[in-house]
Amino acid sequence: MSIDHAPPDISPKVRLEPPVSPALVAVVPTSARRRSAPRWIRRTAGPLLLLGLWQLASTLGWLAADTLAPPSTIAAAGADLIADGTLPGAMAVSLQRVAVGLLIGGTAGTALALLSGLSRLGEDLIDASVQMLRTVPWVGLIPLFIIWMGIGEAPKVALIALGTAFHMYLNVYAGIRGVDEQLIEAGGALGLGRWGLVRHVVLPGALAGFMTGLRYSLATAWLALVFGESINADAGIGFLMNQAREFFRTDVIVVCLVVYAFLGLTADLVVRALERLLLQWRPTFTGQ
């Protein structure tokens, strides 16, 4: 009887060493390595530099005063208009027109978007007509508004409402139709009915589109106000501009333009703050 012997193990013995942990190195963000000026300084540096160059060009005679008044003259004119109450009264009238027009146009645009976005029947009945009307230049409707409504406050408010309604419709409609279909299916699986899905899924998902439409509508409202206040206005910022144009007061014209820009910027900041408050659940990229 033969006995099989296993061949001897001649492979070299390898000694296993415990793994060596790599040295930990603190990672410093790139943004922390760079030292830069505060953000508010960077944001104001450009406008201040522009004002300085403007004032310098006027002082050296490169820019004639009858072409464009220097910033010092414009500031003095603005102070006089504020002191005698002319500018605050004009701002109040213009703000009232924008508020009424934005309320009417925003409500109409949002309501049409809800009807068209939530229902295929509503889309078939509404969307084609709205898409057709929004291609018509709404400024070109001023003569018709004057014929229909006269030269009072109605055509001015109607022009603002028309300009804002289309922005609200397009953005709210896009927000509704941009809701993830999987969220709708998940809501249905959890037992939500049609109105439950609309309330808890669709409307919160379309809120971002509503806020975007509101920002666009505010910008358009101020633009429409400039055209609207050219319709035989007897008060408002546009009325001041028309008077200043007749007397070649470029300083007053620039004051009115600055007021338009200030009111528009303030309204946009308010909407952005409201957007951060209502959409704080949605993380977004804020730049590096």
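Residue numbers here run from 1 along each chain, matching the order of that chain's written sequence. The predicted nature of this model means local features are confined to residues of pLDDT at least 70 and side-chain atom pairs, given and counted, to a pLDDT of 80 or more, with totals for whole chains, interfaces and linings taken over all residues. Excluding hydrogens and water, the side-chain values take into account all heavy atoms of the structure.

Counting from the N terminus, the helices are DSSP H or I runs at least four residues long and the strands are E runs at least two residues long. From N to C terminus, the protein includes eleven helices and zero strands. By residue count, 32% of the 288 residues in the protein fall in the buried class. Within the protein, counting contacts between residues at least 6 apart in sequence, those at least 24 apart form 72% of the total. Surface accessibility follows the Shrake-Rupley procedure with a 1.4 Å probe radius. Residue values consider only the protein chains on display as shielding. Only carbon and sulfur atoms are counted for the fraction: they give 67% of the accessible area of the protein, which is about 19300 Å². Buried means the residue's accessible area, taken with a 1.4 Å probe over protein chains only, is under 20% of the maximum for its type, while exposed means over 50%, and partly exposed covers the values in between. In what follows, a contact means two residues having at least one pair of non-hydrogen atoms within 4.5 Å.

Any Lys or Arg side-chain nitrogen found within 4 Å of a carboxyl oxygen on Asp or Glu counts as a salt bridge. Tallied over the entire structure, the rule returns five salt bridges. One salt bridge connects R97 with E229, and the closest N-O pair in it is separated by 2.8 Å. With R97 in helix α4 (residues 86-118) and E229 in the loop between α9 (194-228) and α10 (237-246), this residue pair connects regions lying 132 residues apart in the sequence. Of the residues examined, R97 reaches a relative accessible area of 2% and is grouped as buried. The buried category is assigned to E229, whose relative accessible area is 0%. Linking R249 and D251 is a salt bridge whose minimum nitrogen-to-oxygen distance equals 3.0 Å. Given a relative accessible area of 9%, D251 falls into the buried group. One connected set of salt bridges, linked through shared partners, spans R97, E153 and E229.

The next thing to look at is a positive patch on the surface. Residues enter patches when they are more than 30% accessible in relative terms and free of salt bridges; like-charged ones are connected within 9 Å and nonpolar ones (Val, Leu, Ile, Met, Phe, Trp, Tyr) within 5 Å. This count recognises Lys and Arg as positive and Asp and Glu as negative, with His and chain-terminal groups excluded. For charged residues, the charge sits on one atom: NZ in Lys, CZ in Arg, CG in Asp, CD in Glu. Side chains of R39, R42, R43, R272 and R276 sit close together on the surface and give a patch of like positive charge. At the level of secondary structure, the elements contributing two or more residues to the positive patch comprise α2 (39-59) and α11 (250-278). You can see R272 is positioned in helix α11.

Once that is clear, we can look at the packing of aromatic side chains. Aromatic ring pairs are defined here through the distance separating the ring centres and the angle between the ring planes. For this analysis, a ring pair means two rings from Phe, Tyr or Trp (six-membered ring only for Trp) whose centres lie within 6.5 Å, classed as stacked if their planes differ by under 30 degrees, edge-to-face if by over 60, and tilted for the remaining angles. Scanning the model with the defined rule gives two aromatic pairs in all. With centroids separated by 6.2 Å and ring planes inclined at 50 degrees, the aromatic side chains of F145 and W148 adopt a geometry described as tilted. Highlighted residues: F145 and W148, both in helix α6 (residues 142-149), separated by three residues, approximately one helical turn. Seen in terms of ring centroids, Y169 and Y173 are 5.8 Å apart; in terms of plane orientation they differ by 10 degrees. Their pairing is stacked. You can see Y169 and its partner Y173 sitting in helix α7 (residues 153-177), four residues apart, about one turn around the helix. The pair Y169 / Y173 is uniform in exposure class, with both members buried.

We now examine the packing of α4 against helix α5 (residues 120-134). Helix axes use the C-alpha atoms of the stretch in contact, all axes being lines fitted to C-alpha atoms, and the angles between their N-to-C directions lie in the range 0 to 180 degrees. Where α4 contacts α5, the two axes come as close as 6 Å, and the packing angle between them is 130 degrees. Judged by the inter-axis angle, α4 sits oblique to α5. In the crossing of α4 with α5, the sense of the turn from one axis to the other is left-handed. For the pair α4 and α5, the contacting residues are L112, L115, S116 and L118 in the first and R120, G122, E123, I126, D127 and V130 in the second. Here the residues of the contact of α4 with α5 sort into five nonpolar, two polar and three charged. An angle counts as roughly parallel when it lies under 35 degrees, as roughly antiparallel when it exceeds 145, as roughly perpendicular when it falls between 65 and 115, and as oblique in every other case. The handedness criterion is simple: a crossing whose near helix is rotated anticlockwise from the far helix by less than a right angle is left-handed, and one whose near helix is rotated clockwise is right-handed. Ten residues, namely Ala, Val, Leu, Ile, Met, Phe, Trp, Tyr, Cys and Pro, are considered nonpolar, four, namely Asp, Glu, Lys and Arg, are considered charged, and the remaining ones, Gly among them, are considered polar.

Let us now look at the confidence of the model for the protein. With 83% of its residues at a pLDDT of 70 or more, the protein shows a mean pLDDT of 78. Values of pLDDT, which run from 0 to 100, indicate the predictor's confidence residue by residue. Within the protein, the lowest mean pLDDT, 51, falls on helix α1 (residues 30-33), and the highest, 88, falls on α4.

The next subject is the nonpolar core. The term nonpolar core refers to a set of buried residues drawn from Ala, Val, Leu, Ile, Met, Phe, Trp, Tyr and Cys, joined through side-chain atoms within 4.5 Å. Formed by 49 residues in total, the largest nonpolar core has its most connected members in W222, I237 and V255. Where this core is concerned, the elements lending two or more residues are α3 (71-83), α4, α5, α6, α7, α9, α10 and α11. The element contributing the most residues to this core is α9, with ten residues. Those residues in contact with W222 that sit more than four places away from it in its chain are L95, V98, Y260, L263, G264 and A267.

Moving on to the side chain of E229. Polar contact is the term for a pair of N or O atoms within 3.5 Å; when the atoms are in protein, one must be able to donate a hydrogen and the other to accept it, and sequence-neighboring residues count only if both atoms are side-chain atoms. At a separation of 2.9 Å, a polar atom in the side chain of E229 contacts the side chain of Y260. Discounting chain neighbours no more than four positions away, the residues touching E229 are S94, R97, K156, A235, G236, I237, G238, F239, N242 and Y260.

Together, L49, L53, L56, L60 and W62 make up an exposed nonpolar region whose accessible area comes to about 580 Å². Within the element layout of this structure, L60 appears in the loop between α2 and α3.

Attention now goes to the environment of Y260. Mapping Y260 onto the fold places it in helix α11. Residue classification places Y260 among the buried residues on the basis of a relative accessible area of 8%. Between the C-alpha atom of Y260 and that of W222, which follows or precedes it by 38 residues, the distance is 7.2 Å. Ignoring anything within four residues of it in the chain, the contact list for Y260 reads W222, L225, V226, E229, I237, G238 and M241. At a separation of 3.3 Å, a polar atom in the side chain of Y260 contacts the main-chain amide nitrogen of G238.

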